[in-house]
Amino acid sequence: MSKFRKKKKGMPGISTASLPDIVFMLLFFFMVTTVMRETELKIKKPQLPKATEIKKLERKSLVSYIYVGRIEGQGGDKIQLNDRVADVKDVKYFIFAERDTHSEDEIPLLTTSIKADVNSNVGTITDIKEELRNINALKINYSTLKGDVMDNIK
Amino acid sequence: MAKRDLPEINAGSMADIAFLLLIFFLVTTTMDVDTGISRKLPEKQPEDAPEPPKLKEKNVFIVTVNRNNNILVEGEHFMTIDKIREEAKKFIDNGGGLGNPMKDAQGNVLEPAECDWCEGAKDPASSDHPNKAIISLESDRGTSYGTYISVQNELVGAYTDLRNRLSEKLYGVTYTKLIKDAKNNPSNESLKEKIKNIKEKYPQIISEAEPTK
């Protein structure tokens, strides 16, 4: 009987044995949620315009990105598709390539997000839009940040 | 006795290793949410498409942005960006005449009617009905993208304001909140019905004209 009658010896220390478990849990969370940047920007990082009436882009796998910006030391707007600087005429091949990676029924849901610099010209954007219209990729999204529109014209 | 010589692997540093990895992923994670103004481009018309129906000039609200980023509304008023929203709201909400025929809940086509939810001035020289009011945004190739987006934002904002107002009047909550709620419980049919109703009453008709060279 004396086996069960133990003497109480002060407060036991808090066990830290489960600390690795907790940390691992956090680690897995971040490992799963991390998205490594797929494309490296060849153009100067576009400074996105600001807007208030914005919508979140759902289902990122259905979004293809077109970057518009400048290259240091070169004039005019440049368009980047995937990993290279391209011409407006290449936009359609880019979209075709994107479509190939999706199943037939997802194609109408594909969205093209235009990430263009505040200081680029509307003409460039219109050329892209015209190309997209030609191949019936009609859903677009002008990528913007949340903020005051008056900042765009400074 | 020999068993006691085998020391246990010290797992005390496991936490440190895990922490190191954790911090690496914490730093590299970018939780950027993509936001933006969504638009649907008009479909390409075939060459032999019939001429689009002529629109009455009073039903079209023309916003022109030139290459110097000056904004001209209706071809006569110079305006700054912050004034456009009010002006666009006045135009959409005017309700000076009969609208396009709408459908009721059962899908029957109703007679063209006046806009009884509009609170505008009912000026006969401005738009007839929200479903006839068209906003046309004209730009130049040299217009800066920032200005262009700002104007677009204000035009979309005008619609959002009007929809919010109507929604508040009909259902007691703003349109923005309705959308948010509908996203959180996608199976709620009554919410969807409400959103559809409001969208029909203030349909967003913004046309992006091809820019001048």
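Relevant structure appears above.
Since this is a predicted model, take the numbers as computed values, not measurements. (Residues numbered from 1 in each chain as written. Chains lettered and ligands numbered in written order. Predicted model: local features only at pLDDT ≥ 70, side-chain atom pairs only at ≥ 80, totals over all residues. Heavy atoms only, no water.)

Student: Hey, could you go over the overall build of chain A for me, with residue numbers and the actual values?
Tutor: The number of helices and strands found in chain A is three helices and eight strands. What you see for chain A is a C-alpha radius of gyration of 26 Å, clearly larger than the 15 Å of a compact globule of 154 residues, by over 25%. In terms of principal-axis extent, the alpha carbons of chain A reach across some 90 × 45 × 30 Å. When each of the 154 residues of chain A is scored for burial, the buried share is 41%. Taking as baseline every contact in chain A between residues at least 6 positions apart, the subset at least 24 positions apart corresponds to 76%. In the form shown here, chain A has an accessible surface area of approximately 9,900 Å², with 56% of it arising from carbon and sulfur atoms. Positive and negative charge centroids in chain A, built from 27 and 21 side chains respectively, lie 15 Å apart. (Helix = DSSP H or I, 4+ residues; strand = E, 2+ residues; numbered from the N terminus. Rg over C-alpha atoms; globule rule 2.2 N^0.38 Å. Buried < 20%, exposed > 50% of the residue type's maximum accessible area, 1.4 Å probe, protein only. Contact = heavy atoms within 4.5 Å. Areas by Shrake-Rupley, 256 points an atom, 1.4 Å probe, with all protein chains shown as cover. Lys, Arg positive; Asp, Glu negative; His and termini not counted. Charge placed at Lys NZ, Arg CZ, Asp CG, Glu CD.)

Student: Kindly report on the sheet that holds strand S3 (residues 63-69) of chain A, identifying the contributing residues and their values.
Tutor: In a beta sheet, neighbouring strands pair by backbone hydrogen bonds and run either parallel or antiparallel. Spatially, seven strands are ordered S2(A)-S1(B)-S7(A)-S6(A)-S3(A)-S4(A)-S5(A) in an open sheet, and the strand pairing comes out mixed. Of all strands in the sheet, those with a lone pairing partner are strand S2 (55-56) and strand S5 (84-86) of chain A, marking the two edges. When strand S6 (residues 111-116) of chain A meets strand S7 (residues 139-143) of chain A, the two strands line up parallel, connected through three bridges. Residue Ser113 of chain A lies in a different strand from S7 of chain A, and its bridge partner there is Asn141 of chain A. (Pairing = 2+ DSSP bridges.)

Student: Can you break down the pairing of S7 of chain A residue by residue, with the values?
Tutor: Counting buried positions along S7 of chain A yields four of five residues, so the element is predominantly enclosed. Two elements, S7 of chain A and strand S1 (residues 35-40) of chain B, share five bridges in a ladder whose sense is antiparallel. Residue pairing for S1 of chain B: Lys139 of chain A is matched across the bridge by Lys40 of chain B.

Student: Requested: an account of the pattern of salt bridges, with residues and values cited.
Tutor: A complete count under the given rule lists 19 salt bridges over all chains for this structure. Of the charged contacts, one joins Arg165 of chain B and Glu119 of chain B as a salt bridge, the two residues approaching to 3.5 Å between their closest N and O atoms. Taken together, the residues span a long stretch of sequence, with Arg165 of chain B in helix H3 (residues 145-171) and Glu119 of chain B in the loop between helix H2 (81-92) and strand S5 (134-139) at a distance of 46 residues. Residue Arg165 of chain B is classed as partly exposed on the basis of its relative accessible area, which comes to 28%. When salt bridges that share partners are traced, they join Glu53 of chain A together with Arg85, Glu86, Lys89, Glu154 and Asp161 of chain B into one network. (Salt bridge = Lys/Arg side-chain N within 4 Å of Asp/Glu carboxyl O.)

Student: Before we move on, could you go through the environment of Val63 of chain A and cite the residues and values that matter?
Tutor: Residues and elements named next belong to chain A. When you line up the elements, Val63 lands in strand S3. Sequence spacing of Val63 and Ser113 is 50 residues, and the spatial spacing of their C-alpha atoms is 6.6 Å. Every residue in contact with Val63, bar those within four places of it in the chain, is listed here: Leu57, Glu58, Thr111 and Ser113.

Student: Kindly report on the pairing of S3 of chain A, identifying the contributing residues and their values.
Tutor: All names here are of chain A. With respect to burial, S3 is a largely interior element, seven of its seven residues being buried. Side chains Val63, Tyr65, Tyr67 and Gly69 project from S3 onto one buried face, and the interleaved Ser64, Ile66 and Val68 project onto a second face that is buried too. Bridge count between S3 and S6: six bridges; the pairing is parallel. Looking at the pairing, Tyr67 lines up with Lys115 of S6. Note that S3 and strand S4 (residues 78-81) share four bridges and pair antiparallel. Residue pairing for S4: Ile66 is matched across the bridge by Leu81.

Student: Residues and numbers for a nonpolar patch on the surface, please.
Tutor: Together, Leu19, Ile22 and Leu26 of chain A together with Phe19, Ile23, Leu26 and Val27 of chain B give the surface a local cluster of nonpolar side chains, amounting to about 610 Å² of exposed area. Going through the elements one at a time, helix H1 (19-33) of chain A together with helix H1 (14-28) of chain B are the ones with two or more residues in the nonpolar patch. It is H1 of chain B that contributes the most residues to the nonpolar patch, four residues altogether. With a relative accessible area of 47%, Ile23 of chain B lands in the partly exposed category. (Patch = residues over 30% accessible without salt bridge, like charges linked within 9 Å, V, L, I, M, F, W, Y side chains within 5 Å.)

Student: Tell me about helix H2 (residues 91-100) of chain A, and please be specific about residues and values.
Tutor: Residue and element names in this part refer to chain A. Taken together, the buried positions of H2 are occupied by Val91, Phe94, Ile95, Glu98 and Arg99. The buried residues of H2 occupy an angular sector of 140° when the element is viewed end-on, so they sit on one face. Of the residues in H2, the exposed ones pointing more than 90 degrees away from the buried face are Tyr93 and Asp100. Elements that come into contact with the buried residues of H2 comprise S3, S4, S6 and helix H3 (122-134). (Arc of directions from axis to C-beta.)

Student: If you had to explain the interface of chain B and chain A to someone new, which residues and values would you point to?
Tutor: Listed as interface residues are 51 residues of chain B and, on the opposing side, 56 residues of chain A. Of all residues in chain B, Asp34, Leu41 and Tyr145 of chain B give up the largest surface area on contact with chain A, accounting jointly for 18% of the area buried on that side. In this assembly, chain B and chain A are joined by 21 residue pairs in polar contact (both at pLDDT 80 or more). Considering every element that reaches the side of chain B that touches chain A, the biggest residue donor is H3 of chain B, with 12 residues. Grouping the amino acids of the side of chain B that touches chain A by side-chain chemistry returns 19 nonpolar, 18 polar and 14 charged. (Buried area = accessible area lost by both parts, 1.4 Å probe. Polar contact = N/O pair within 3.5 Å; in protein donor to acceptor, adjacent residues only side chain to side chain. Nonpolar A, V, L, I, M, F, W, Y, C, P; charged D, E, K, R; others polar.)

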